[in-house]
Amino acid sequence: MSLLDRLRAQIAQDGPISVPEYFTRCLHDPRDGYYANRPALGEGGDFVTAPGVSQMFGELVGLWILETWDRMGRPSPVRLVEMGPGDGTLMSDVLRAARLLPDFLAAADAWLVEVSAPLRAAQAARLADAPVTPRWAGRLEEVPGGAPMILYANELLDCLPARQFVRTADGWAERMVGLDEAGNLAFGLKALSAPARRGSHALAVPDAPSTGFAAPPPPRAGEEWPPGTLVEASPAQAALGNELGHRLAAHGGAALLIDYGRDAPEAGDTLQAIKAHQKVSPLAEPGQADLTVWADFPAVVQAAREAGAQAGPILRQGDFLRSLGIEARTQALAAARPDQADKLARQLDRLTGGAQMGDLFKVACLFSPGLAPPLFEPSVSSFVS
Ligand SMILES: C[S@@+](CC[C@H](N)C(=O)[O-])C[C@H]1O[C@@H](n2cnc3c(N)ncnc32)[C@H](O)[C@@H]1O
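Residues numbered from 1 in each chain as written. Predicted model: local features only at pLDDT ≥ 70, side-chain atom pairs only at ≥ 80, totals over all residues.

1. Re the domain arrangement of the protein
Thought 1: Domain annotation of the protein identifies domain 1 (3–32 + 163–233) and domain 2 (50–159 + 234–267 + 292–326 + 357–367).
Thought 2: In this complex, domain 1 contributes 11 residues to the contact, which on the side of domain 2 involves eight residues.
Thought 3: Only helix H2 (19–28) and strand S9 (230–233) provide two or more residues apiece to the side of domain 1 that touches domain 2.
Thought 4: Per element, the largest residue contribution to the side of domain 1 that touches domain 2 is four residues, and it comes from S9.
Thought 5: Across the side of domain 1 that touches domain 2, the residue classes tally to seven nonpolar, three polar and one charged. (Domains from an automatic or database assignment. Contact = placed C-beta atoms within 7 Å. Helix = DSSP H or I, 4+ residues; strand = E, 2+ residues; numbered from the N terminus. Nonpolar A, V, L, I, M, F, W, Y, C, P; charged D, E, K, R; others polar.)

2. So, the pairing of strand S5 (residues 149–154)
Thought 1: Across the six residues of S5, six count as buried, placing the element largely inside the fold.
Thought 2: Side-chain alternation along S5 places Met149, Leu151 and Ala153 on one buried face and Ile150, Tyr152 and Asn154 on a second face that is also buried.
Thought 3: With four bridges connecting them, strand S2 (residues 78–83) and S5 associate as parallel partners. Among the inter-strand pairings, Leu80 is bridged to a residue of S5, identified as Ile150.
Thought 4: Across six bridges, the pairing between S5 and strand S10 (residues 253–262) is parallel. Pairing of Ala153 across the sheet is with Leu257, part of S10. (Buried ≥ 20, exposed ≤ 12 C-beta atoms within 10 Å, placed from the backbone. Pairing = 2+ DSSP bridges.)

3. Observations regarding the environment of Asp263
Thought 1: With respect to the helices, strands and loops of the structure, Asp263 is situated in the loop between S10 and strand S11 (272–275).
Thought 2: Along the backbone, Asp263 and Leu360 are 97 residues apart, and their C-alpha atoms lie at a distance of 9.6 Å.
Thought 3: In this structure Asp263 touches Phe297, Pro298, Ile314 and Lys362, once residues within four positions along its chain are discounted.

4. Describing the pairing of strand S8 (residues 185–191)
Thought 1: Here seven bridges tie strand S7 (residues 171–179) to S8, and the two strands are oriented antiparallel to one another. Pairing of Arg175 across the sheet is with Leu189, part of S8.
Thought 2: In this structure, the hairpin formed by S7 and S8 is closed by a connection of five residues, where Gly183 is found at a positive phi of approximately 85 degrees.

Have a look at this one:
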């Protein structure tokens, strides 16, 4: 029985499921989930991430890590943690840049936090000759504490689902995945105060959401979202911000989070499914396509701050990479390989151009009180209070 058929049978019996439950089944169902079975990164797969665009991305993240470690006082050991490492390209590029500072490599206790068995195998193959031997963990809490940490993650937050709430004329309702008249998967709404009824389309979400959700934050002080607005809230992303905040406050260090997403409260449906580089309906082929939502950087930053960490401004990826010298790096590579100059220019534009990844992708840094990571020093002004 396919995942689609199993979901249809479950919903027919128990009623609609929340968007996060649907999302998690699509990505991580042990039998048919996308990451459990068929994650396909790269040009020949379903989607391309920044490390797959150019090695410059990971090399510059690596230089940022070296400078951060230096500003931390060069602790040894330091946990070097990548969450959601994909096919291992980013860690490979980071470690290549880290060869510039052998003392860092000697201090680094490298960890890959990965839930996907096929991707763990890809990472092991890619990193077989790496200058440090990483270990794997299924969850961040399995990585030992007791030492400072430098963590980084590219396109991980967008794998952590968001609940979706719609402002109706009668108040807030949650968007659910149910069945239409023909028995196909379909979105519907469940009023947050509606009583649960078995065997109907109005079930499966507690009336008092466990997320602490009362109402989405307003667009601006004194305003309200107008009827018809869809607002997302991700307990999973906030929980990661909280876990990172506690860990950084207790043991020291920094976490660099890169993803496409919002840097201020914003309404809109960002649930998206991608297969073979094309957008497809999120309900069309559960488990066959990659599902994502936008990273909610303000919520992640707020959760980390509440746990005792600090955070700098949320940067655009283009600004982050330019500040780290990507233009000079592109010129140096092009000077060494003039035949590659056009390709390098295209890669630069893809990573930093406003119409490409440069503006949509954002970079946030969480860090322990007293640390001043490069580009995120607490003195830099921010619109995130
Ligand atoms: C879109 S890929 C990004 C891969 C890589 N960071 C890159 O930039 O190419 C998402 C990664 O996050 C992992 N992932 C997805 N959900 C996760 C979860 N709940 N916890 C930890 N890792 C997860 C996936 O297995 C995969 O390695």
